[in-house]
Amino acid sequence: MKAEMLRAGLIYGGGDLVATLLTGQFNPLRSAGIGLVGTLVYAPEIRWYFGWLERRFPQPQGFGQRLQRAALAWLWFNPLWIARHALLIRLFSGRPETIDASLLTVGLTSFALNLPVALTANYLIQNRLPLRWRLTGSASFSALMAVYYALSEVWFG
C-alpha cells in the first residue's frame, strides 16, 4: 500500500511537472506539492473509493454494470475535485490571491469537456485493470490529464 501511494504521488507530481514545462510555468515547488498531495490525499481517497466500487460491482455482468462502475469512477473526479486540484495548483504556485469562485467554472468546464475521454479511460481502468493496479492506472491517466487541467487554468481561468 505504501509503495502504491508513493508511486501515485510520483506520477501526479511528474504529470504536473510536465504540465508546468509545457505551459511555461515551471515551478518545482508546485510539482513537489502536487506529488505530496497525490501521495497523502489523492492516493488514499482514490484507493478507498475504487475499493468501494469493487465491492459494489465485484464481477460486473454485462456492459451496463461495467458502464455504471466506470461512470461512478468518472463522477469521483467531478467539478469540485477538479476545482480543488486547481486550488492546490494555485496555492503551490504561490498564487493564493487568485483563488476565487472562478475555480468552480474551471472545474465545471473542464469536467464537461473531458467527458468522452475521461469516461472511456475510467471504463478501461475499472474494467480491464485488476484492483491493485487501478490507482496506478488512474494516477497515470491523471498525469496525462494534468496537462489538460493546467491548460484549462489558462483557457478557462
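Residues numbered from 1 in each chain as written. Predicted model: local features only at pLDDT ≥ 70, side-chain atom pairs only at ≥ 80, totals over all residues. Heavy atoms only, no water.

S.K.: So what's going on with the packing of helix H4 (residues 79-92) against helix H5 (residues 102-113)? Which residues, and what values?
M.R.: In contact at an axis separation of 8 Å, H4 and H5 are set at 125° when each is read in the N-to-C sense. In terms of orientation, H4 and H5 fall into the oblique class. Relative to H5, H4 is oriented so that their crossing is right-handed. Of H5, the residues touching H4 (which contributes Pro79, Leu80, Ile82, Ala83, Ala86, Leu87 and Arg90) are Ser102, Leu103, Leu104, Gly107, Leu108, Ser110 and Phe111. When its residues are assigned to classes, the contact of H4 with H5 shows ten nonpolar, three polar and one charged. (Axes fitted to C-alpha atoms, helices over the stretch in contact; angles between N-to-C directions. Helix = DSSP H or I, 4+ residues; strand = E, 2+ residues; numbered from the N terminus. Parallel < 35°, antiparallel > 145°, perpendicular 65-115°, else oblique. Left-handed = near helix turned anticlockwise from the far one by under 90°. Contact = heavy atoms within 4.5 Å. Nonpolar A, V, L, I, M, F, W, Y, C, P; charged D, E, K, R; others polar.)

S.K.: So what's going on with the environment of Arg128? Residues and values would help.
M.R.: Within the secondary structure, Arg128 is located in helix H6 (residues 115-128). Sequence separation between Arg128 and Arg66 is 62 residues, and the spatial gap between their C-alpha atoms is 10.0 Å.

S.K.: Which residues make up H5, and what values go with them?
M.R.: Across its twelve residues, H5 extends 16 Å between first and last C-alpha, which sits within 8% of the 16 Å expected from 1.5 Å per residue. Taken together, the buried positions of H5 are Leu103, Val106, Gly107, Ser110 and Phe111. All buried residues of H5 fall inside an arc of 120° around its axis, so they share one side. Exposed and facing more than 90 degrees away from the buried side of H5 are Leu108 and Leu113. (Expected span 1.5 Å × (residues − 1). Buried < 20%, exposed > 50% of the residue type's maximum accessible area, 1.4 Å probe, protein only. Arc of directions from axis to C-beta.)

S.K.: Could you give me a rundown of the pattern of salt bridges, with the residues and numbers involved?
M.R.: This model, assessed by the stated rule, comprises five salt bridges. Glu4 serves as the salt-bridge partner of Arg47, at 2.5 Å between the closest nitrogen and oxygen. Of this pair, Arg47 sits in helix H2 (residues 28-56) while Glu4 sits in helix H1 (residues 2-22); the two residues are 43 residues apart in sequence, bridging distant segments of the chain. Residues Arg30 and Asp16 are paired through a salt bridge, measuring 3.0 Å at the closest nitrogen-oxygen approach. Of the two residues, Arg30 is situated in helix H2 and Asp16 in helix H1; the sequence distance between them amounts to 14 residues. (Salt bridge = Lys/Arg side-chain N within 4 Å of Asp/Glu carboxyl O.)

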